[in-house]
Amino acid sequence: MKALCWHGTEDVRVNNVPDPKIVDPTDAIVRITSTAICGSDLHLYDGFMPTMQEGDVLGHEPMGVVEEVGRDVKKIKKGDRVVIPFCISCGSCWFCQKELFSLCDNSNPNKEMARKAMGHSPAGLFGYSHLLGGFSGGQAQYLRVPYADVGPLKIPDGIPDEQVLFLSDIFPTGYMAAEQAEIEPGDTVAVWGCGPVAQFAIRSAWMLKAGRVIAIDRVPERMKMAQDAKAETINFMEEDVYDKLMEMTKGRGPDRCIDAVGCEAHARGAPDAIYDKVKSAVMMTTDRAHVLREAIMCCRKGGTLSIPGVYVGFPDKVPMGALMNKALKVRTGQTHVQHYHHRLLQRIQAGEIDPSFVITHQVPLVKGPEMYRTFRDKKDGCIKVVLKP
Amino acid sequence: MTVTADVPTRLTEPTPTQGPAPSHSPPDTRYAPGIGLARGLGWFSIGLGLAELLAPRAVGELTGVRCPGLLQLYGLREIACGVGILNSTRPTEWMWARVAGDALDLGTLGAAMVNGNGDSGRACVAAAAVAGVTLLDVICATQLSAAAALEG
């Protein structure tokens, strides 16, 4: 089969790789019909994520049609259309029982590696390094799905792929970010970034009764998409974010802050961002944490900071003094997709949201390598790429 | 103060996951940094082994080691290592076997340098080449061992 494979920093290729096979009775094989490039895939593309290996198949936002199931799979069958959550969960451990699916105790076969890096191992993820399982990803024609009774979400006929594909990751991720921000009716919510996750966080904030949403970015078409969702915007290349937010909130600061940027933050001349750039250039850090620092400084006293943006290592110069003395609450984590995807599917079916708004490029899988670069460089108005194997 | 029976027990220990996973799904690929280098060294090993096995006298001419029988044995060792490397998803042990073989080769070439009748120059050049390959073998074996240690 054809698959997009990682071959090093900024080197993604279309390769012919062996078709996946059932290796465990709880596995399913899914023929991929649509699959997306995620912003977090760019951390792999840019070489920020350790334990990637030449030839690893990328991708964690897939959907498709079930081709084959293992003998212990009961809930899905050949021919079902399914969306596949990016996190792999066993469904039976203590964490899965509490619906903390991205913290599954059992699904990461390389858990000892993860334990050494993080203290404990989170769930295995599709196509996201050997530290997180060494599972092949979904930017391919076929995908092996472990624990197939737990992850895949069956999709009723009549809903196009484009409307449900993002239940695999970015819609639940944006929603969980807003939910974890603990928005109360009328709250002012500031969202750093206007990328795909941020777009869903903005819309989810409205669903959760925010009174005002402010989005921060520098890319005109992304800011326009945020404005289309009735968010006010700040261009960080033109205005000082802290000053502007204080002006907009009469010095109080946003009640809820969402960092939808993560470890590859850009900034306009901020000393801490230059410091990060230098450290990153000499391979002294994997994270450029300007947004994290800025959000802590901007958030109102006693507010909440929700972090869906991916961090991978050990960012420093984090203002812990401000975090502590302002009594901020921090919520973060990989998304517990299976906890959210049923209810978000219902919202789609009810016509409350059509997630396809975020798609700007839809191309064959073989164009994946060039689309990685276009997406990374934010060229050609690129906000979200869907690949068709 | 006496503790009455109706005071609820305070749970202070985290509740662990009970029982085994319903199954264990293995990774699709094993973490083996350096696997590309290992594959290259595996093919090199087979090539050198075939040369030693099939043309021991020519190899002896090049290296100053004029013991055809010994060279054929070394050839078999090289082929075994090469096949082992190419047939393993993470050939850590096979790479360390190559390092041990390199030490043997260097010892043999050292002996040829000391005892070789006029061939010490060739043996010296061959030893330098083997030392270079040994360096690559050690780098590769170390990378693979580090990955194995990370997996625990």
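## Quick notes on the overall build of chain B
Phase 1 of the analysis: Regarding its fold elements, chain B presents five helices and zero strands.
Phase 2 of the analysis: Element order for chain B, N to C, with α for helix and β for strand: α-α-α-α-α.
Phase 3 of the analysis: In chain B, which comprises 152 residues, the share counted as buried stands at 36%.
Phase 4 of the analysis: In chain B, 73% of the contacts between residues at least 6 apart in sequence involve partners at least 24 apart.
Phase 5 of the analysis: Put simply, chain B shows about 8,600 Å² of open surface, and 68% of that area lies on carbon and sulfur atoms.

## As for the pattern of salt bridges
Residues and elements named next belong to chain A.
Phase 1 of the analysis: All chains considered together, the criterion is met by 37 salt bridges over all chains.
Phase 2 of the analysis: Across the salt bridge formed by Glu-61 and Lys-384, the nearest N and O atoms sit 2.8 Å from each other. Placement of Glu-61 in the loop between β4 (56-57) and β5 (62-69) and of Lys-384 in the loop between α13 (368-376) and β18 (385-388) is noted, with a sequence separation of 323 residues between them.
Phase 3 of the analysis: The buried category is assigned to Lys-384, whose relative accessible area is 0%.
Phase 4 of the analysis: Between Asp-161 and Lys-388 there is a salt bridge, and its shortest N-O distance comes to 3.9 Å. Placement of Asp-161 in helix α4 (residues 161-164) and of Lys-388 in strand β18 is noted, with a sequence separation of 227 residues between them.
Phase 5 of the analysis: The buried category is assigned to Asp-161, whose relative accessible area is 13%.
Phase 6 of the analysis: By relative accessible area, Lys-388 is classed as partly exposed at 29%.

## Here we look at empty space enclosed by the protein
Phase 1 of the analysis: In total, this model carries two cavities of 30 Å³ or more according to the counting rule given.
Phase 2 of the analysis: As a volume, the largest cavity reaches approximately 60 Å³.
Phase 3 of the analysis: In this structure, the largest cavity is lined by Met52(A), Asp56(A), Val57(A), Gly127(A), Tyr128(A), Ser129(A), His130(A), Gly134(A), Phe135(A), Ser136(A) and Thr29(B).
Phase 4 of the analysis: Of the residues that constitute the lining of the largest cavity, the class distribution is four nonpolar, six polar and one charged.
Phase 5 of the analysis: Estimated volume of the second largest cavity: approximately 40 Å³.
Phase 6 of the analysis: Forming the boundary of the second largest cavity are Ile84(A), Pro85(A), Cys87(A), Ile88(A), Ser89(A), Phe126(A), Val145(A), Pro146(A), Tyr147(A), Gly151(A), Pro152(A) and Gln338(A).
Phase 7 of the analysis: Of the residues that constitute the lining of the second largest cavity, the class distribution is nine nonpolar, three polar and no charged.

Cut-offs used in this document
- Residues numbered from 1 in each chain as written.
- Chains lettered and ligands numbered in written order.
- Predicted model: local features only at pLDDT ≥ 70, side-chain atom pairs only at ≥ 80, totals over all residues.
- Heavy atoms only, no water.
- Helix = DSSP H or I, 4+ residues; strand = E, 2+ residues; numbered from the N terminus.
- Buried < 20%, exposed > 50% of the residue type's maximum accessible area, 1.4 Å probe, protein only.
- Contact = heavy atoms within 4.5 Å.
- Areas by Shrake-Rupley, 256 points an atom, 1.4 Å probe, with all protein chains shown as cover.
- Salt bridge = Lys/Arg side-chain N within 4 Å of Asp/Glu carboxyl O.
- 1 Å grid on protein atoms, 1.4 Å probe; cavity = no way out; pocket = protein on both sides within 12 Å on 5 of 7 lines; lining within 4 Å.
- Points joined across faces, edges and corners; volume = space filled by probe spheres on them.
- Nonpolar A, V, L, I, M, F, W, Y, C, P; charged D, E, K, R; others polar.

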